[in-house]
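# Fold and geometry: a report
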Amino acid sequence: MKTSIMIQRIYIYLCLGLALIATNVQAEPNPSVELKTSFGIIVIELYPENAPKTVANFTQYVKDGFYNGTIFHRVIPGFMVQGGGFTAALKEKPTRPAIQSEAGNGLRNAIGTVAMARTADPHSATAQFFINVTENDFLDFKSADEKGYGYTVFGRVRSGMDVVEKIVKVPTATRGSNQNVPVQPITIDRVRMLDSPKKKSAAKK
């Protein structure tokens, strides 16, 4: 009888200990990137759990300095702002091979979310991305075919949506074969990875 009670107590203490450990374990914060633009700073939180290949692809371009000196070359009020592929002279930069779509990851093209731009081929995304400025649910994944694949959401604007709203208000025009090009160049001067809060506190020690 005593042995049985002791086993029950040990089990209870073990459960309590595991609960305390679980409470104290903090999830690793999502990575973030900072876009320093000619209109201000935009900080984007990335979602590697939902879109691991897309986030890995995007962050590699960031680390390579690919986005530095590019522009927001396509701006459509009530829709989105697109950038990350052209220089100020509207020359498209060479990219790495395209990646597989991860559009069916449960994330929606809601206001402030960031998604990969692509051609009609669902698996053609390389470096260009866009920020949704309205609820673009027609861009969401619906089925695994060319018409229903949608666009892969991989992040969200954490701060700087006011900057995005300023960009949307810039008048646009057609330049060569490119439509909806801001008449005032909106440059992405620098893009860099931000340290997580955990890393910052560790650095202070």
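Now for a look at the structure at hand.

So, about the packing of aromatic side chains. Per the counting criterion, the structure on display carries eleven aromatic pairs. Pairing Phe58 with Phe129 gives two aromatic rings, centres 5.7 Å apart and planes at 85°, and the pair type is edge-to-face. Separated by 71 residues along the polypeptide, Phe58 in helix α2 (residues 52-63) and Phe129 in strand β6 (residues 129-132) bring together distant segments of the chain. Assessed through its relative accessible area of 1%, Phe58 is described here as buried. Centre to centre, the rings of Phe141 and Tyr149 are 5.6 Å apart; their planes meet at 75°, and the pair counts as edge-to-face. Judged by its relative accessible area of 34%, Phe141 is partly exposed.

A separate point is the sheet that holds strand β1 (residues 32-37). The eight strands lie next to each other as β1-β2-β7-β5-β6-β4-β3-β10, forming a closed barrel whose pairing is antiparallel. Taken pair by pair, the neighbouring strands of this sheet meet at an average axis angle of 35°, ignoring direction. Examined bridge by bridge, strand β5 (residues 113-116) and β6 share three bridges and lie antiparallel to one another. Looking across to β6, one finds that Met116 is bridged to Phe129. Against the sheet, α2 engages β1, β2 (40-46), β5, β6, β7 (153-159) and β10 (187-194), with an angle of about 115° to β10. Where helix α3 (residues 161-168) meets the sheet, its contacts fall on β1, β2, β3 (70-76), β4 (80-87), β6 and β7, and the angle it forms with β2 comes to roughly 120°.

Along the chain, the position of Arg74 falls in strand β3. On a C-alpha basis, the gap between Arg74 and Gln179 in space is 7.0 Å, while along the polypeptide they are 105 residues apart. Setting aside chain neighbours within four positions, we find Arg74 in contact with Phe79, Met80, Val81, Gln82, Gln179, Asn180 and Pro182.

Scoring rules and cut-offs
- Residues numbered from 1 in each chain as written.
- Predicted model: local features only at pLDDT ≥ 70, side-chain atom pairs only at ≥ 80, totals over all residues.
- Heavy atoms only, no water.
- Phe/Tyr/Trp six-rings, centres within 6.5 Å; stacked < 30°, edge-to-face > 60°.
- Helix = DSSP H or I, 4+ residues; strand = E, 2+ residues; numbered from the N terminus.
- Buried < 20%, exposed > 50% of the residue type's maximum accessible area, 1.4 Å probe, protein only.
- Pairing = 2+ DSSP bridges.
- Axes fitted to C-alpha atoms, helices over the stretch in contact; angles between N-to-C directions.
- Contact = heavy atoms within 4.5 Å.

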